[in-house]
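Fold and contact review
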Amino acid sequence: MSIAKAVACIKKYNNFLVTTHTNPEGDALGSEFAFVSLLNKLGKTTIIMNEDVSPPEYDFISANIEVKKYKSSLKKIDFDCFVFLDCADLKRTGEVYRINIENKPILNIDHHISNSNFGSVNWIEPDSSCCAEMVYKLYKRLNIPLDKEAALCLYTGILSDTGSFRYSNTTSFTHQVVSELLKEKLDIPQIYRNIYEDIPYQGMKLVSRVLSGMKRYFAGKVVSFEIKQKLLKNEKLTFDLSDEVLRFGRAIKGIEAVVLFKENLGIKNEIRVNLRSRGLIDVNKIASFFNGGGHKTASGATIKGELKQVKRMVLTKISEALA
Ligand SMILES: [Mn+2]
């Protein structure tokens with residue numbers, strides 16, 4: 001379905017509940033905040049509800065925005081349209097999707113190729129670099145001028161999902177959008193520092209510990225990393241450790257895929273698997289096999305099992321993809 005259906009849906013309803021995926025990052029939060037700001041300018045009522053609190057590195061966009069946290073006791077939330085941003089399927093929201101007990105219409109706006117079209121209205125653009133780029137299109141379609149706050153949110157989304165314009169999803173349209181956003185005089189170095197730098201010394205030590213556990217497979221085409229629960233037990237991270245580690249893995253000469261196995265905190269025998277590829281291997285297919293998903297070059301899945309067992313299963317799938 002097209003943007004026209006999404007626009008019609010936005011015009012039709014008045015009270016919106018907006019959500020995004022668990023462990024929200026730049027594209028999830030940037031899209032949500034810019035989208036809500038758009039709706040508010042159209043005179044609509046909005047509530048943002050996420051499973052997880054926004055990570056501190058995004059305080060610079062989220063500090064003044066109210067995000068409700070989902071609790072199963074929260075039964076009476078008044079809305080007539082439920083909007084999902086940057087979610088490939090319902091359960092990517094964690095438990096938030098359960099709030100829709102009255103089966104209110106769902107507007108599904110996303111750029112994941114693995115999107116399951118779970119909405120009443122589905123606007124899916126796998127060729128968009130990020131969800132924020134799609135929200136930008138809504139501003140244009142609805143003729144709502146961008147202000148500095150919205151531009152900052154959209155820029156943050158684009159920066160996150162394009163790996164700061166390094167990934168192959170970066171298009172000439174991406175740069176066209178950014179060129180317009182920058183008219184709002186955004187502080188580019190500061191945005192970059194907020195998201196990717198300002199890592200505390202002890203945090204960088206953690207990065208080095210995870211990096212030193214790197215293993216390689218399949219004639220050096222694949223490397224893996226592990227983050228065990230005990231490593232993070234007493235840590236309050238103020239940066240995205242997984243993302244940081246994956247960035248190093250991806251920079252290795254001759255690499256085709258990077259995989260990070262992380263024991264989920266507080267949950268026994270549950271491993272979060274993040275996959276990155278240089279394009280030869282379709283890691284969305286691998287993640288989808290384990291009921292996850294994402295993009296051809298970046299995807300993830302949550303898999304039940306012990307670390308060793310999950311590693312074996314995922315590496316087997318990668319070796320099949322390499323063959
Ligand atoms: Mn995204």
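The preceding data block contains the structure.
Summarised in this report is the structure supplied together with it. Since the model is a prediction, treat every value here as computed from it, not as a measurement.

Our next topic: the pairing of strand β2 (residues 45–50). Pairing analysis gives four bridges linking strand β1 (residues 15–19) to β2, with the strands arranged parallel. Within the sheet, the bridge partner assigned to N15 lies in β2 and is T45. Each parallel crossover has a hand, and for β1 linked through helix α2 (residues 26–41) to β2 it is right-handed. Sheet topology places β2 next to strand β3 (residues 68–69); two bridges connect them, and they run parallel. The partner of N50 across the bridge, within β3, is K69.

Our focus in this paragraph is helix α6 (residues 172–181). Counting along an α-helix, one turn takes 3.6 residues, and residues three or four places apart therefore face a common direction. Every buried residue of α6 is accounted for by T174, V177, V178 and L181. Viewed end-on, α6 has its buried residues packed into an arc of 100°, placing them on one side of the element. When the buried face of α6 is taken as reference, the exposed residues oriented beyond 90 degrees from it are S172, Q176 and S179. Where α6 is buried, its residues contact α4 (131–141) and α5 (148–161).

Their axes nearest at 10 Å, the elements α5 and α6 cross at an angle of 150°. When the interaxial angle is binned, α5 and α6 end up roughly antiparallel. In the crossing of α5 with α6, the sense of the turn from one axis to the other is left-handed. Contacts between α5 and α6 involve A151, L154, Y155 and I158 from the first element and T174, V177, V178 and L181 from the second.

Basis of the calculations
Residues numbered from 1 in each chain as written. Predicted model: local features only at pLDDT ≥ 70, side-chain atom pairs only at ≥ 80, totals over all residues. Pairing = 2+ DSSP bridges. Helix = DSSP H or I, 4+ residues; strand = E, 2+ residues; numbered from the N terminus. Right-handed = clockwise from strand over helix to strand, strands pointing away. Buried ≥ 20, exposed ≤ 12 C-beta atoms within 10 Å, placed from the backbone. Arc of directions from axis to C-beta. Contact = placed C-beta atoms within 7 Å. Axes fitted to C-alpha atoms, helices over the stretch in contact; angles between N-to-C directions. Parallel < 35°, antiparallel > 145°, perpendicular 65-115°, else oblique. Left-handed = near helix turned anticlockwise from the far one by under 90°.

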